[in-house]
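Fold and contact review
Here are the chains, one letter per residue:
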Amino acid sequence: MIKISVERRTLQISSQTQALAAAASSRQALKSELLDKLSTAAPDYTPVTTWSVHPDLIRALVRLHSEESSFLPLEEIASWMNYAQGLYLLPGMSSLFYARTDRRLVLPNRSAIAALGEAALGLVVPWLYPSSILIARPVLDYPDALFECTHSNTVYLAESKATTQSEIDLKATLNSELTRFVLLVSACAQLEVKSAVAGLLVGTVLISTTEWKCFVSEITV
């Protein structure tokens, strides 16, 4: 079983911040100002829930939600984690070379990491927002998925980020993605008149083969 912990925060984007995001999309100098404003307004993540899921459910969610071409991503990351911990290194045997220099780690398969992050996205969103269904899975486009919640009449634009590094690294990645994501949510909210529009930026840390942690940033305008 895989233990998954979920933490969430909500960011209410004002009209002034939306205007700043629109300007920052074409002016590099304003991006840092927008990021500072968003970082200041963003609350801390708060724990929501923790549950355990069977690996077979993750495998099914990879097939449904991922655009990555990754063969057996769970097994791929498990093999990398075991190797990184020295499981396959017999006494007197050197680690795999892979044309690397000293102190450079063997990196995990990025497609496998992304695929598992998108599986976590497909698991977390329907749980946090009941009656949500997947309505679109854009390929080579942004965001990763669109969900429709019939209960609240809301369309959720969902983007996934995943890593095998630390929570600090993931949170930094999510914060740097806010500028682009806020602009997307703001633009779509102005186009869609029949439903409310919100954004879900979901980051997943693959801590081990049996423990993951998800951080959800909900963007409302």
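Scroll up to find the structure.
First, a word on scope: everything that follows refers to the structure included in this document. Keep in mind the model is a prediction, meaning the values are calculated, not measured.

**Examining unusual backbone geometry**
For the bond from Y142 to P143, the omega torsion is 5°, close enough to zero to count as cis. Along the chain, P143 falls in the loop between β3 (132-136) and β4 (145-149). One non-glycine residue with positive phi stands out, namely L72, at about 50°. Note on placement: L72 falls in the loop between α3 (55-65) and α4 (73-84). Phi is positive for N153, close to 55°, though the residue is something other than glycine. Within the element layout of this structure, N153 appears in the loop between β4 and β5 (154-163). Overall, N153 belongs to the partly exposed group, its relative accessible area being 38%.

**A look at the environment of A187**
Here A187 shows up in helix α6 (residues 167-191). A187 sits in the partly exposed class, given a relative accessible area of 37%. Each C-alpha atom, one on A187 and one on Q18, is 8.7 Å from the other, the two residues being 169 residues apart in sequence.

**What about the side chain of T204?**
The topology assignment puts T204 in strand β6 (residues 196-206). Every residue in contact with T204, bar those within four places of it in the chain, is listed here: G117, A120, K161, A162, T163, L170, W212, K213 and C214.

**Examining the packing of aromatic side chains**
Within a pair of aromatic rings, the relevant descriptors are the distance that separates the centres and the angle that separates the planes. With the rule as written, the count across this model stands at four aromatic pairs. Ring geometry for W51 versus W127: centroids 5.4 Å apart, planes at 15°, classification stacked. Taken together, the residues W51 in strand β2 (residues 46-53) and W127 in helix α5 (residues 110-128) connect sequence positions 76 residues apart. When the ring of Y142 is compared with that of F181, the centres are 6.3 Å apart and the planes differ by 90°; the resulting orientation is edge-to-face. With Y142 in the loop between β3 and β4 and F181 in helix α6, the pair connects residues that are 39 residues apart, well separated along the chain. In this structure, Y142 and F181 share a single accessibility class: buried.

**Examining the packing of α4 against α5**
The interhelical angle for the contact between α4 and α5, taken along N-to-C directions, is 125°, at an axis separation of 9 Å. Put simply, α4 runs oblique to α5. Note on packing geometry: the crossing formed by α4 with α5 is left-handed. Residue-level contacts link P73, L74, E76 and I77 of α4 to A112, I113, A115 and L116 of α5. Class assignment for the residues of the contact of α4 with α5 results in seven nonpolar, no polar and one charged.

**Looking at the sheet that holds β5**
Across the sheet, seven strands lie side by side as β2-β1-β7-β6-β5-β4-β3; this open sheet has mixed pairing. Here the strands that pair on one side only, and so sit at the sheet edges, are β2 and β3. On average, adjacent strands in this sheet sit at an angle of 30° to one another, irrespective of strand direction. Both strand β1 (residues 2-12) and strand β7 (residues 211-220) contribute to a ladder of 10 bridges, which runs parallel.

Parameters at a glance
- Residues numbered from 1 in each chain as written.
- Predicted model: local features only at pLDDT ≥ 70, side-chain atom pairs only at ≥ 80, totals over all residues.
- Heavy atoms only, no water.
- Helix = DSSP H or I, 4+ residues; strand = E, 2+ residues; numbered from the N terminus.
- Buried < 20%, exposed > 50% of the residue type's maximum accessible area, 1.4 Å probe, protein only.
- Contact = heavy atoms within 4.5 Å.
- Phe/Tyr/Trp six-rings, centres within 6.5 Å; stacked < 30°, edge-to-face > 60°.
- Axes fitted to C-alpha atoms, helices over the stretch in contact; angles between N-to-C directions.
- Parallel < 35°, antiparallel > 145°, perpendicular 65-115°, else oblique.
- Left-handed = near helix turned anticlockwise from the far one by under 90°.
- Nonpolar A, V, L, I, M, F, W, Y, C, P; charged D, E, K, R; others polar.
- Pairing = 2+ DSSP bridges.

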